[in-house]
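Understanding the architecture of this molecule
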Amino acid sequence: MDNLTVIVLAAGGGTRMKSKTMKVLHPIGGRSMIGHVLRAVQAVEPQRVVAVVGHQREQVGPHIQELVPEAVLAVQETQDGTGHAVRIAMEAAGPTKGTVIVAAGDTPLLRGESLRAFAEEHEAAQRAVSILTGIVDYPFGYGRIVRNDEGDVEAIVEEKDASPEQREIAEISSGILAFDAEFLADALGRITNDNNKGEYYLTDTVQLARDAGLTVGAHRVDDVRQTEGANDRAQLAELGRELNRRIVTRWMQDGVTVMDPATTWIDADVQLAPDVTILPGTQLLGATVVAEDAVVGPDTTLKDCEVGEGARVVRTHAELAVIGDRANVGPFSYLRPGSRIGVAGKVGAFVETKNSTIGDGAKVPHLSYVGDAEIGEGTNIGAGTIFANYDGIAKHRTVVGRNVRTGSNNTFVAPVSVGDGAGTAGGTVVRRDVPPGALAVSSGPQRNLEGWVRKRRPGTAQAEAAAAAEEASVTGAAPGEREVDPGVGPDGRSASQS
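Cut-offs applied
- Residues numbered from 1 in each chain as written.
- Predicted model: local features only at pLDDT ≥ 70, side-chain atom pairs only at ≥ 80, totals over all residues.
- Heavy atoms only, no water.
- Pairing = 2+ DSSP bridges.
- Helix = DSSP H or I, 4+ residues; strand = E, 2+ residues; numbered from the N terminus.
- Salt bridge = Lys/Arg side-chain N within 4 Å of Asp/Glu carboxyl O.
- Patch = residues over 30% accessible without salt bridge, like charges linked within 9 Å, V, L, I, M, F, W, Y side chains within 5 Å.
- Areas by Shrake-Rupley, 256 points an atom, 1.4 Å probe, with all protein chains shown as cover.
- Lys, Arg positive; Asp, Glu negative; His and termini not counted.
- Charge placed at Lys NZ, Arg CZ, Asp CG, Glu CD.
- Buried < 20%, exposed > 50% of the residue type's maximum accessible area, 1.4 Å probe, protein only.
- Phe/Tyr/Trp six-rings, centres within 6.5 Å; stacked < 30°, edge-to-face > 60°.
- Lys NZ or Arg CZ within 6 Å of the ring centre and 35° of its normal.
- pLDDT = per-residue confidence, 0-100.
- Contact = heavy atoms within 4.5 Å.
- Axes fitted to C-alpha atoms, helices over the stretch in contact; angles between N-to-C directions.
- Parallel < 35°, antiparallel > 145°, perpendicular 65-115°, else oblique.
- Left-handed = near helix turned anticlockwise from the far one by under 90°.
- Nonpolar A, V, L, I, M, F, W, Y, C, P; charged D, E, K, R; others polar.

Moving on, we get to the sheet that holds strand 27 (residues 346-349). The strand order across the open sheet built from seven strands is 12-15-18-21-24-27-30, with neighbouring strands paired in parallel fashion. Each end of this open sheet is capped by a strand with a single partner; those strands are strand 12 (257-258) and strand 30 (363-366). Examined bridge by bridge, strand 18 (residues 295-296) and strand 21 (residues 312-313) share two bridges and lie parallel to one another. Residue Val-296 lies in a different strand from strand 21, and its bridge partner there is Val-313.

Structure follows, in structure tokens:
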């Protein structure tokens, strides 16, 4: 749309949040509240975006310009109402023509297509003012849309200024308005603060337009929840549930199987291919991408991860990890940032990985820590293996070649390398490089100290068991079995007595 300016109001303190974090910065669905609004704003392709900041502007301003680098920031030093905020925004924007849309920074359900339809209707009707409205069951707290007998919009009356009859009106203003830029520039200088709150209301422009004989209209949106804001954390949580319900529903409509939508959470920037299956208790967060035929869950959290085609991820927590096609991860695995699992690779039960590459077809099946390592294709890492990557000052890498077979309970003390086709014995501590095809053995020959338990642990259950076993080895009876005289029955009487 040509000559479209969007003003986003983000200066309020949000005191009811009771938080050191500015209200519009609170996260919902993987973005800040204002992040959702700016995404909707960008969908209408405005010529200019102006954001009004005030409270904690040192946090809010950089966040906005990170999301929309070309955004103009207008600083509202004192919060004297929406009319005051928009006047500051227009001054920061400079000479403005065409259409100006004013939106709030705390409406995370707002969708770009709704904003576009609103702007297009406003321009087509050549109105001075248009109001995005909706019908709600409980309009308390909202500005009411007052219409005349012909149905034309006469005014927006704020809750504190409304009469008892006006408070019964169910049509409310969303707070999103569209203006002819020339009319707005003139009207802002004529708004007064003669009201109960002593603020400059942007909605007073409606009466100014009516008094001038200009057109004022309303665009009623069916999905009025798009315009809901969050003033406290309870409202934020409710909006979060609704946003998640909409996201999950959309993915199911696009061919994703979600076994239990009530326990599945999917952030707004997650991407899922058709025929992905999401099992109960799963959270897909950040910019996670899941490819076709992958199965994720149950009880799995993935943040900023890539999951390959046909992979299986169960009861796993992962962040900034890449899981290859047909790989298997879990249960109870922890993939930390920098973990890369190759095609058909495996990370099994109670395995933690960090900043490591596990090659195609390589396996770390059980009870291991793999940190700062590279494991070649086809290699199998034995249970209970530790990659000791930290010397107390610096991290070091371990490189394990292709088709290596390592024994259980190994420790690789980095920096160290193991050549292709090599092996290690159980219990080995690898401190030096292992050549290709060699077997690394670090333990000495086993010694058995006979009678140690009876000497060092007398009177214990362990000593009693050892004594019984030693006695049985002499008599030939099983441990704990009493030797019986052949002439005595099982009840202790002689055969003649029985």
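Right, picking up where we left off after that structure.
So, on to the pattern of salt bridges. This model, assessed by the stated rule, comprises 24 salt bridges. Between Arg-111 and Glu-113 there is a salt bridge, and its shortest N-O distance comes to 2.7 Å. Taken together, the shared-partner salt bridges connect Asp-223, Arg-225, Glu-228, Glu-238, Arg-241, Glu-242, Arg-245 and Arg-246 into one network.

A surface patch of negative charge is lined by Asp-275, Glu-292, Asp-293, Glu-309 and Asp-325. In this structure Asp-293 comes out as partly exposed when scored by relative accessible area, which is 42%.

Below, the discussion takes up the sheet that holds strand 35 (residues 405-406). Strand pairing in a sheet is mediated by backbone hydrogen bonds. Such pairs are either parallel or antiparallel. Reading across the sheet, the three strands line up as 35-38-40 and stay open at both edges, with parallel pairing between neighbours. Two strands close off the open sheet at either side, each with one partner strand: strand 35 and strand 40 (439-440). The pairing of strand 38 (residues 423-424) with strand 40 spans two bridges and is parallel. In the sheet register, Thr-424 faces strand 40, and the bridge partner there is Ala-440.

Turning next to the packing of aromatic side chains. All chains considered together, the criterion is met by two aromatic pairs. An angle of 15 degrees between the planes, with centres 5.2 Å apart, marks the rings of Phe-332 and Phe-350 as stacked. Of this pair, Phe-332 sits in the loop between strand 24 (328-329) and strand 25 (333-335) while Phe-350 sits in the loop between strand 27 and strand 28 (352-354), and the two are 18 residues apart along the sequence. Note on Phe-332: relative accessible area 45%, which makes it partly exposed. Measuring from ring centre to ring centre gives 5.0 Å for Phe-387 and Phe-412, while their planes differ by 25 degrees; the resulting arrangement is stacked. Of this pair, Phe-387 sits in strand 33 (residues 386-388) while Phe-412 is found in strand 36 (residues 411-413), placing the two residues 25 residues apart along the sequence. Taking the relative accessible area as the measure of exposure, Phe-387 reaches 1% and is therefore buried. Positioned over the ring face of Tyr-390 is Lys-395, at 5.5 Å from the centre of the ring.

Predicted coordinates in areas of low pLDDT are best not read in detail. Per-chain confidence: the protein averages 93 in pLDDT, with 95% of residues scoring 70 or above. Taken together, the stretch residues 486-490 has pLDDT below 50 and engages in four contacts with residues farther than four places along the chain or on a different chain.

Before going further, it helps to examine the packing of helix 3 (residues 82-93) against helix 5 (residues 181-188). A packed helix pair is summarised by two numbers, namely the angle formed by the two axes and the spacing between the axes. Relative to each other, helix 3 and helix 5 sit at 120 degrees, their axes nearing to 10 Å. In terms of axis orientation, helix 3 runs oblique to helix 5. Crossing of helix 3 against helix 5: the hand is left-handed. For the pair helix 3 and helix 5, contact is made by Gly-83, Val-86, Arg-87 and Met-90 and by Ala-181, Leu-184, Ala-185 and Leu-188, respectively. Considered class by class, the residues forming the contact of helix 3 with helix 5 number six nonpolar, one polar and one charged.

So, on to the environment of Gln-56. Within the element layout of this structure, Gln-56 appears in the loop between strand 4 (48-53) and helix 2 (57-67). In this structure Gln-56 comes out as partly exposed when scored by relative accessible area, which is 25%. Spatially, the C-alpha atom of Gln-56 lies 53 Å from that of Asn-409, the residues being 353 residues apart in sequence. Beyond its immediate stretch of four places on either side in the chain, Gln-56 contacts Lys-20, Thr-21 and Met-22.

Here we take up the pairing of strand 22 (residues 316-319). Burial of the side chains of strand 22 is restricted to one face: Thr-316 and Ala-318 are buried, whereas none of His-317 and Glu-319 on the reverse face is. Taken together, the three bridges between strand 19 (residues 301-303) and strand 22 define a ladder with parallel strand orientation. Considered in strand 22, the bridge of Leu-302 is made with Ala-318. Here three bridges tie strand 22 to strand 25, and the two strands are oriented parallel to one another. What sits directly across from His-317, in strand 25, is Tyr-334.

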